[in-house]
Amino acid sequence: MTIAYNYLRTKVRLDNIVANYKHLCSFGGHVLAVIKADAYGHGLVETARALAGAGCDAFAIGSVAEGAALRQSGCDGAIVSLVGPVLPEDDAMVLDFDVTPFVHDFDQLARLAALAAGQGKKARVALKFDTGMARLGFCECDVPHLLETLAGMPAIEVVMVSSHLATADDPNAFDFVGEQGSKFARICQGLRDGGLTFEASLCNSAGILAHATDFGFEARRAGIALYGVNPFAGTAREPLGAGFVPAMETVTRIVSVHDLACGCSISYGRTYTAERDMRVAIVAAGYADAYSRGLSNRGYMCLAGRRVPIVGRVCMQLTAVDITGVAAAPGDVIHLLGGEGPGTITADDLATWWETIPYEVFCLFGLNPREYC
């Protein structure tokens, strides 16, 4: 029996991930499910199996090792490694587990070509181009040299060419999206004129929703929207992301309930002093459970359909909330993420209080024990 060290449970609704995938597919193109970083905390293998059952045939993961683990789980779809090979052992796993790596420089190409040729195999790769992220990738000016280099590498098969949008979810920066799209189109045309045949991939979730009709590239990488987050939430383009349903909720238990008199402080540093007589619950959640200390005196939880504010500092494994007017007892369930009724806490809510993004909320909450619905 596995013993959990905390009371938190992150619950994942796989059917909601499937519903979001089908919604993203309705926009057209070949949709790759981005399940990197343990499916954004939702579970790599479980998420892949649910999506494969819904017809998904291609998955984008982070490291090559994550791709190898997915293949070992029984996945027979295409597996694309977005980080690509970093260490020599990654090169071997690319070939051993039929992972298609993003390749962003000539040294990576040379290593893979030599290893594949030595084993009498072909290494299927995705060429990564930098069109504006300034992170990883070949440049547009590299196209002629790439074509020349690949002509001498019969063990390399280019099956995808990709780039990444830097501002696809920012309506105020759509002009930059257009610049990236135009540059990527020129790159793809140059490579095809040089004799390469491949799928082109530029759009992420926001790109699928707002830009796919502008850039008709074949493969589209569905990430954050797959897990129920509208990438345009809070912007004028919010309606573009309607129809997605959240897939994760995180719950824990109330440890204690007691009164706090007006004028009394609570938790470390006495950062909160009661301005009235109140009732507080001490909740089994803290920064050791990936519940950020940054939520101190500013976040909320959901109890019986109502939002209850955090009072005082979030501790290592305990947090206090004001439950005045809400019936509660030790052992009761309280939601850190999700919940019923008007008090529901969304990933966007937490990200706002936390001063981060929903991606981080999911990845961190996913470190806690998971249950599947």
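You'll find the structure just up there.
Everything quoted here is computed from the prediction, not taken from an experiment. (Residues numbered from 1 in each chain as written. Predicted model: local features only at pLDDT ≥ 70, side-chain atom pairs only at ≥ 80, totals over all residues. Heavy atoms only, no water.)

(A) Structural detail: helix α4 (residues 64–72). Burial in α4 covers these residues: V64, E66, G67, A68, L70 and R71. Tucked inside the fold, the buried residues of α4 contact α2 (36–40), α3 (44–53), β3 (58–61), β4 (78–81) and α5 (88–96). At the exit of α4 stands G74, carrying a positive phi of roughly 110 degrees. (Buried < 20%, exposed > 50% of the residue type's maximum accessible area, 1.4 Å probe, protein only. Helix = DSSP H or I, 4+ residues; strand = E, 2+ residues; numbered from the N terminus. Contact = heavy atoms within 4.5 Å.)

(B) Structural detail: the packing of helix α1 (residues 14–25) against α3. It is the contact of α1 with α3, at a shortest axis distance of 9 Å, that shows an interaxial angle of 55 degrees. By the angle class used here, α1 and α3 are oblique. Relative to α3, α1 is oriented so that their crossing is right-handed. Listed contacts from α3 to L14, I17, V18 and Y21 of α1 are E46, T47, A50 and L51. (Axes fitted to C-alpha atoms, helices over the stretch in contact; angles between N-to-C directions. Parallel < 35°, antiparallel > 145°, perpendicular 65-115°, else oblique. Left-handed = near helix turned anticlockwise from the far one by under 90°.)

(C) Up close: the pairing of strand β5 (residues 100–103). The alternating pattern of β5 places T100 and F102 and P101 and V103 on opposite faces, both of which are buried. Note that the unit made of β4, α5 and β5 has a crossover that is right-handed. Of the pairings in the sheet, the one linking β5 to strand β6 (residues 123–128) comprises two bridges and is parallel in character. What sits directly across from V103, in β6, is L127. With helix α6 (residues 106–119) bridging β5 and its parallel neighbour β6, the resulting β-α-β unit is right-handed. (Right-handed = clockwise from strand over helix to strand, strands pointing away. Pairing = 2+ DSSP bridges.)

(D) Structural context of α6. A rise of 1.5 Å per residue sets the reference length of α6, with its 14 residues, at 20 Å; its end C-alpha atoms lie 20 Å apart and thus fit the reference within 8%. Residues Q108, L109, L112, A113 and A116 constitute the buried set of α6. The arc that holds every buried residue of α6, seen down its axis, measures 125 degrees, which confines them to one face. Turned more than 90 degrees away from the buried face of α6 sit D107, A114 and G118, all of them exposed. Elements in contact with the buried residues of α6: α5, β5, β6, α7 (143–151) and β7 (156–162). (Expected span 1.5 Å × (residues − 1). Arc of directions from axis to C-beta.)

(E) Highlighting the environment of D98. Following the sequence through the fold, D98 ends up in the loop between α5 and β5. Between the C-alpha atoms of D98 and E275, which are 177 residues apart in sequence, the distance is 62 Å. Those residues in contact with D98 that lie beyond four places of it in its chain are R71, I79, M93 and R124.

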